[in-house]
Amino acid sequence: MSIQKQTNLKKRVAAFAKPDKKASILQLINTILPFLLIWFLAYQSLSVSIWLTLALGVVASGFVVRIFIIFHDCTHGSFFKNPKANRIVGTVTGVMTLFAFEKWKRSHAIHHATSSNLDKRGTGDVWVMTVDEYADASFWGRLVYRLYRNPIVMFGLGPFYLFLISNRFNRKGAKRKERLNTYVINASVAAIYGLLIWAIGWQAFLIIQMPIIFIAGSLGIWLFYVQHQFEDSYFENEDEWDFVKAAVDGSSYYKLPKIMQWMTGSIGFHHVHHLSPRVPNYHLEKAHESTPPLKKATTITLASSLKSIRFRLYDEASKSFVSFKEVKGLLRKRKQVNSRLQEN
């Protein structure tokens, strides 16, 4: 794609980067109020059946994902035109989703600026090693990476690490504004959880809240993972890296059933979001449908997305993801080639 075409594509999508105050307020109403109602019903259902409580928790976790998308838009300054409104709503939804607004705003901005850049990995992204890096890694380096990429660790333990550790502490060198925001959110979460435990008891609180947070966390990590971890995803070194290609070819279009698309705030149109982060979630589908070149982005479905679980390492030679099983064969062939070269 020529530079001119890339510029035109960015301009076409940028036309949708206009927050609609009424749409944003409506989304707050149809997301937060149902969540609070379902949470209350989950508490009431404890006297009926714990299984009913857990079922309601599953539904509530979907709304937590949707609340997170609102939080996410606020970090991009795309939910409201007013920056102060974005900060307030972002902080409130940060309390509800257990994310520190200013901290995540910074790391996620870096993710957008460096996505698919092999020379700038490590902030706000999923850890990806190349085949060559894995080959050169020590035994312990490989073990740690294999544990990290294990689905049980990533989607099972990942939410607990995210909510209890990563989101609760400031990074080294964080500025005052970022540190204070994290403290405010932590204090608010502690106060709200404390009041709920006082009002309904710690057992009831854990039965209701823990499954909601765990399921929402697992779903969130899955969405973030699958939108960049697909077989022919785009990755390049700094000198070859291109922002538009990283957005369109390095982010997938996750085609979900309509109810799931609604619950996930249309974040499945991830290629559109990466091309223009200021487009609010409720305009992403319209931007996709109105821009023909974006329809060529890699499309994955619920069924096909499951294949991404086996993608572990990025092979720069084939420019695709490979599994740990496949990498054994690749390393064996490269070892044989090197041996022949040394003999000659």
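Quick summary incoming for the structure in this document. (Residues numbered from 1 in each chain as written. Predicted model: local features only at pLDDT ≥ 70, side-chain atom pairs only at ≥ 80, totals over all residues. Heavy atoms only, no water.)

## Considering helix α5 (residues 101-114)
When the terminal C-alpha atoms of α5 are compared, their 20 Å separation across 14 residues agrees well with the 20 Å that a helix rising 1.5 Å per residue should span. Of the positions making up α5, those classed as buried are Phe101, Glu102, Lys103, Trp104, Ser107, His108, His111, His112 and Thr114. Count one or two residues on from α5 and you reach serine 116, which has phi positive near 75°. (Helix = DSSP H or I, 4+ residues; strand = E, 2+ residues; numbered from the N terminus. Expected span 1.5 Å × (residues − 1). Buried < 20%, exposed > 50% of the residue type's maximum accessible area, 1.4 Å probe, protein only.)

## Concerning a positive patch on the surface
Together, Arg146, Lys325, Lys328 and Arg332 give the surface a local cluster of positive charge. Considering every element that reaches the positive patch, the biggest residue donor is helix α16 (residues 324-343), with 3 residues. Its location among the elements puts arginine 146 in helix α7 (residues 139-149). (Patch = residues over 30% accessible without salt bridge, like charges linked within 9 Å, V, L, I, M, F, W, Y side chains within 5 Å. Areas by Shrake-Rupley, 256 points an atom, 1.4 Å probe, with all protein chains shown as cover. Salt bridge = Lys/Arg side-chain N within 4 Å of Asp/Glu carboxyl O. Lys, Arg positive; Asp, Glu negative; His and termini not counted. Charge placed at Lys NZ, Arg CZ, Asp CG, Glu CD.)

## Section: a negative patch on the surface
On the surface, Asp119, Asp239, Glu240 and Glu316 cluster together into a patch of negative charge. A relative accessible area of 31% means that glutamate 316 is categorised as partly exposed.

## Things to note about a nonpolar patch on the surface
On the surface, Leu157, Phe160, Tyr161, Leu164, Ile165, Phe169, Ile197, Trp202, Leu206 and Met210 cluster together to form a nonpolar patch covering roughly 1000 Å² of accessible area. Considering every element that reaches the nonpolar patch, the biggest residue donor is helix α8 (residues 151-166), with 5 residues. With respect to the helices and strands, methionine 210 occurs in helix α10 (residues 202-226). Accessibility expressed as a relative area gives 37% for methionine 210, which makes it partly exposed.

## Focus: unusual backbone geometry
Of note, the phi angle at leucine 98 is positive, near 70°, even though the residue is not glycine. Here serine 116, not a glycine, exhibits a phi torsion of approximately 75°, which is positive. Here serine 116 is to be found in the loop between α5 and β1 (129-130).

## Here's the deal with the nonpolar core
Formed by 46 residues in total, the largest nonpolar core has its most connected members in Leu28, Phe35, Ile212, Tyr225 and Tyr254. For tyrosine 254, the residues in contact, after removing those within four places along its chain, are Trp222, Leu223, Val226, Gly268, Ile300, Thr301, Leu302 and Ser305. In terms of nonpolar packing, the next biggest core, distinct from the first, is built from 15 residues, Val244, Leu275, Val279 and Ala297 among them. (Core = buried A, V, L, I, M, F, W, Y, C linked by side-chain atoms within 4.5 Å. Contact = heavy atoms within 4.5 Å.)

## So, helix α2 (residues 21-44)
Because the α-helix completes a turn every 3.6 residues, residues three or four places apart line up on one side. Taking 1.5 Å per residue, 24 residues should reach 34 Å; α2 reaches 34 Å between its end C-alpha atoms and fits that length. Those residues of α2 lying buried are Ser24, Gln27, Leu28, Thr31, Ile32, Phe35, Ile38, Trp39 and Ala42. In the core, the buried residues of α2 are packed alongside α3 (50-76), α4 (83-97), α9 (176-200) and α10. Of the residues that open α2, the one with a side-chain oxygen 3.0 Å from the backbone nitrogen of lysine 22 is aspartate 20. (Polar contact = N/O pair within 3.5 Å; in protein donor to acceptor, adjacent residues only side chain to side chain.)

Bear in mind that shape data such as this cannot, by itself, settle questions of function.
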